[in-house]
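Coordinates in review
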Amino acid sequence: MHTLGGSFLALLLQGEGSAVPEGSTFSIVEALAKSTWVARSVLLILALFSIASWSIFLYKWWIFRRSEGQSARFLEVFRRSNKFSEVQAVCRSLGDSPLVGLFLAGYTELTTQLRQNAAAPADPAEGHPKTAAARPTLKSLPAVDR
């Protein structure tokens, strides 16, 4: 790669009218020393953007790896647990998993519907609350599904 870059730079310089002796090696340091301030500034900008893009790439890779690990742990707890409240307690420590947000939204909707059903208004015809303990039912399964 070093010789290819040197050959390419030598061809560029020959195209500009400079003569490069046959068999000489060309280094990047020499090319930078002989370049204009415009070329140096363009190379500096390109280097800075390269560093920035690699930083973003590595950060995203790290975030996705962490998210993948936390999602695996969430699924393990979710499948092992018998109660949604146990799963909800673990959700605080697994905040980077997208599954946690999905679970919490469904759990909130489910809890809201069951509480509304449990707090049913009194029967106005009889003047007292219903005595039979009704089995909790969902008002809207599509709302929980959403």
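This next bit is on the packing of helix α3 (residues 37-80) against helix α4 (residues 84-91). When two helices pack together, their arrangement is captured by the angle between the axes and the distance separating the axes. The interhelical angle for the contact between α3 and α4, taken along N-to-C directions, is 160°, at an axis separation of 9 Å. Between α3 and α4, the interaxial angle falls into the category roughly antiparallel. As for the relative orientation of α3 and α4, their crossing is right-handed in sense. For the pair formed by α3 and α4, the contact residues are F74, V77 and F78 on the first element and F84, V87, V90 and C91 on the second. Residue composition of the contact of α3 with α4, grouped by class: seven nonpolar, no polar and no charged.

Once that is clear, we can look at the side chain of S81. Summarising the element assignment, S81 is placed in the loop between α3 and α4. Among the polar contacts made by the side chain of S81, one reaches the main-chain carbonyl oxygen of K83 at a distance of 2.8 Å. Polar side-chain contacts of S81 include one of 2.7 Å to the side chain of E86. In this structure S81 touches E86 and V87, once residues within four positions along its chain are discounted.

Moving on to a nonpolar patch on the surface. Taken together, the side chains of I28, L32, W37, V38, V42, L43 and L46 make up a nonpolar region of the molecular surface, amounting to roughly 720 Å² of accessible area. Sorting the residues of the nonpolar patch by element identifies α2 (28-34) and α3 as the ones contributing at least two each. Among the elements that line the nonpolar patch, the one with the most residues is α3, at five residues. Among the structural elements, V38 can be located in helix α3.

Next up on the list: the nonpolar core. If you look at the biggest cluster of nonpolar residues, it comprises eight residues: F74, V77, V87, C91, L94, V100, F103 and Y107. When residues of this core are traced back to their parent elements, those giving at least two are α3, α4 and α5 (98-118). Here this core takes three residues from α5, the largest share from any one element. With residues up to four places along the chain from it excluded, the contact list for Y107 reads F84, S85 and Q88.

Analysis parameters
Residues numbered from 1 in each chain as written. Predicted model: local features only at pLDDT ≥ 70, side-chain atom pairs only at ≥ 80, totals over all residues. Heavy atoms only, no water. Axes fitted to C-alpha atoms, helices over the stretch in contact; angles between N-to-C directions. Helix = DSSP H or I, 4+ residues; strand = E, 2+ residues; numbered from the N terminus. Parallel < 35°, antiparallel > 145°, perpendicular 65-115°, else oblique. Left-handed = near helix turned anticlockwise from the far one by under 90°. Contact = heavy atoms within 4.5 Å. Nonpolar A, V, L, I, M, F, W, Y, C, P; charged D, E, K, R; others polar. Polar contact = N/O pair within 3.5 Å; in protein donor to acceptor, adjacent residues only side chain to side chain. Patch = residues over 30% accessible without salt bridge, like charges linked within 9 Å, V, L, I, M, F, W, Y side chains within 5 Å. Areas by Shrake-Rupley, 256 points an atom, 1.4 Å probe, with all protein chains shown as cover. Salt bridge = Lys/Arg side-chain N within 4 Å of Asp/Glu carboxyl O. Core = buried A, V, L, I, M, F, W, Y, C linked by side-chain atoms within 4.5 Å. Buried < 20%, exposed > 50% of the residue type's maximum accessible area, 1.4 Å probe, protein only.

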